[in-house]
Every structure is written in C-alpha cells, then in structure tokens.
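# Architecture and fold: a report
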Amino acid sequence: MNASDRTPADLLRSALAADPARPLVTFYDDATAERVELSVATFANWVAKTANLLQGDLAAAPGDRLALLLPAHWQSAVWLLACSSVGVVAEVQGDPAAADLVVSGPDTLDAARACRGERIALALRPLGGRFPQVPEGFADYAVEVPGQGDRFAPFTPVDPDAPALTVDGVAFTAAELVSRAREDGAALGLHAGSRLLTGRSYDTWDGLAAGLYAPLATGGSVVLCRHLDRVGADTLAQRVESERVTLTA
C-alpha cells in the first residue's frame, strides 16, 4: 500500500493497481454453507457499482449519515468501502431514525423503517440473491446494483479529515481509519500476502479491523466467517489449510 493513501478508497485503489487478481475477501456463512471469493478487482467492481447507486439513485452526499444494519458479510464490506468512496458516514448499527438513509439485512427491517430517508434492503442470500418479494418500503439491493456503472468518480473529492465511520460509539475520520488500520494490521502481524481468518462481528472496531480494514491496509486478505461457532475443530483446521490462512483472529 502507498504511504500517501489517506482514505479507505485510496487503499482499495492502491490494491487494485498492485495486484487486481489476488484474493481480497473470502466469505463463509456456516449457516448456509456459502463460500464466496472476491479478488481485488471483483471487490472493487462491487464497490464502484454500490458507490454509483449511493451517489446517483440515492442522492447521497458527503457528510450524509448511513445506518448500516448488516452483519459481518462480504456485502457489508462492499458498503463500507462504497460509503468511503462517496464520503458518506457509515454508522455501523446506527440509529435509523437519526440517519439520512439506511441499509438493512433481512433481520433488521422493522428497525430500519424508522429511517425517513432512502431504505435499501439486502437479502444476504447466497450468490447475492434477491428477496423472493421486495420488502415494503425498501429497494432491493440485488435488483438495483447490477445496472450501475463499473467505474466510479465522486462528484466531490472525499476529505480525509471528514467523518467517515462510527462503530460502537467510536468515530473515525477517513485518515484516522487508515492510520488505525495500519497500526492494528502491524499488531496482528499482517503484511503483504497474509491471509487472516476471522469470525469476529462487525459491531466493533476490532471486528471491522480484522474483517476488512487491516488486511486492506497491509496488502493482505481476509477469510471472513459468519456463524463460525457452528464449525467443529476439524472443519476449521481444514479451512485454515485449504485457504492458506497465515493468521487467525
């Protein structure tokens, strides 16, 4: 990664320039047996499409607050980077009633309806599948995102010193987020080529750092596991071996 990177979007651009084909996020859901692997290029494409949806169709602008009501999931990681690309403040498990827009998984739709702004729902089904029936009052992400552009350019350059993320009561600017991700990556022992397996929740900074930001900031990759408590020791050991995991969190 480049020392000049000051936003998460900068980190992703550097990763894309360095090696677009390498894995970045490998996701397991041990409740559904889903496995998804996203290269840097594929992940960046999802981020670009989502940022275009956010900036264009949803009319989100820098400084707007987005309540992100999603679990640790590859699509959650996409939304976090899309927010950073536009300059929108991602409030992880934030209050929908106080947010300008909300992004919700299937289990938090009732709470998300408190948002008076735009509402996006994610089914979180394998392969990014749609809802069988779109929830009333929401747009289905899986319907809206495929037609978005594959390249993204913000209408307004993102300010590294502007608020970017709030999680578990802690707020970060974009530059603070990048700095903290680098520090935590070093503390975890991450470096270029590292493969970090984590089952941590995205509800805390430690979970977000291990599950996205620290690997991105250090040139590593993440094996992100949801419902890891359902996996036995033998299965976990096989996964560590097959995914060439070098570190665990």
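Residues numbered from 1 in each chain as written. Predicted model: local features only at pLDDT ≥ 70, side-chain atom pairs only at ≥ 80, totals over all residues. Heavy atoms only, no water.

## What about helix 8 (residues 233-242)?
With one of ten residues buried, helix 8 is to be regarded as a mostly surface element. Two residues or fewer past helix 8, Arg244 is found with a positive phi of approximately 55°. (Buried < 20%, exposed > 50% of the residue type's maximum accessible area, 1.4 Å probe, protein only. Helix = DSSP H or I, 4+ residues; strand = E, 2+ residues; numbered from the N terminus.)

## Comments concerning the packing of helix 2 (residues 40-57) against helix 3 (residues 74-86)
In the contact formed by helix 2 and helix 3, the axes pass within 8 Å of each other and the chain directions differ by 60°. Taken together, the axis directions place helix 2 and helix 3 in an arrangement best described as oblique. Seen from above, helix 2 lies across helix 3 with right-handed handedness. The residues of helix 3 that touch helix 2, namely those facing Phe43, Trp46, Val47, Thr50, Ala51, Leu53, Leu54 and Gln55, are Trp74, Ala77, Val78, Trp79, Leu81, Ala82, Cys83, Ser85 and Val86. Grouping the constituent residues of the contact of helix 2 with helix 3 by class yields 14 nonpolar, three polar and no charged. (Axes fitted to C-alpha atoms, helices over the stretch in contact; angles between N-to-C directions. Parallel < 35°, antiparallel > 145°, perpendicular 65-115°, else oblique. Left-handed = near helix turned anticlockwise from the far one by under 90°. Contact = heavy atoms within 4.5 Å. Nonpolar A, V, L, I, M, F, W, Y, C, P; charged D, E, K, R; others polar.)

## Quick look at the nonpolar core
In this structure, Phe43, Leu54, Trp79, Leu80, Leu165 and Tyr213 are the most contacted members of the largest nonpolar core, which totals 56 residues. Counting residues per element, this core draws most heavily on helix 3, at nine residues. With residues up to four places along the chain from it excluded, the contact list for Leu165 reads Leu80, Val89, Ala90, Val92, Val170, Ala171, Phe172, Leu177, Trp205, Leu208 and Tyr213. Core analysis: the next-biggest nonpolar cluster, separate from the first, contains eleven residues, Ala67, Leu109, Ala121 and Phe138 among them. (Core = buried A, V, L, I, M, F, W, Y, C linked by side-chain atoms within 4.5 Å.)

## Observations regarding helix 3
Taking 1.5 Å per residue as the helical rise, helix 3 with its 13 residues ought to reach 18 Å, and the 19 Å between its terminal C-alpha atoms agrees with that figure. Remark: Gly87 follows helix 3 within two positions and exhibits a positive phi of approximately 100°. (Expected span 1.5 Å × (residues − 1).)

## Structural notes on the pairing of strand 1 (residues 23-29)
Within strand 1, six of the seven residues are buried, leaving the element largely enclosed by the surrounding structure. Direction of pairing for strand 1 relative to strand 2 (residues 34-39): antiparallel, over a ladder of six bridges. Across the sheet, residue Phe27 finds its bridge partner in strand 2, namely Val36. Connecting strand 1 to the next strand, strand 2, in antiparallel fashion are four residues, including Ala33 with a positive phi near 65°. (Pairing = 2+ DSSP bridges.)

The values are spatial; any link to function lies outside them.
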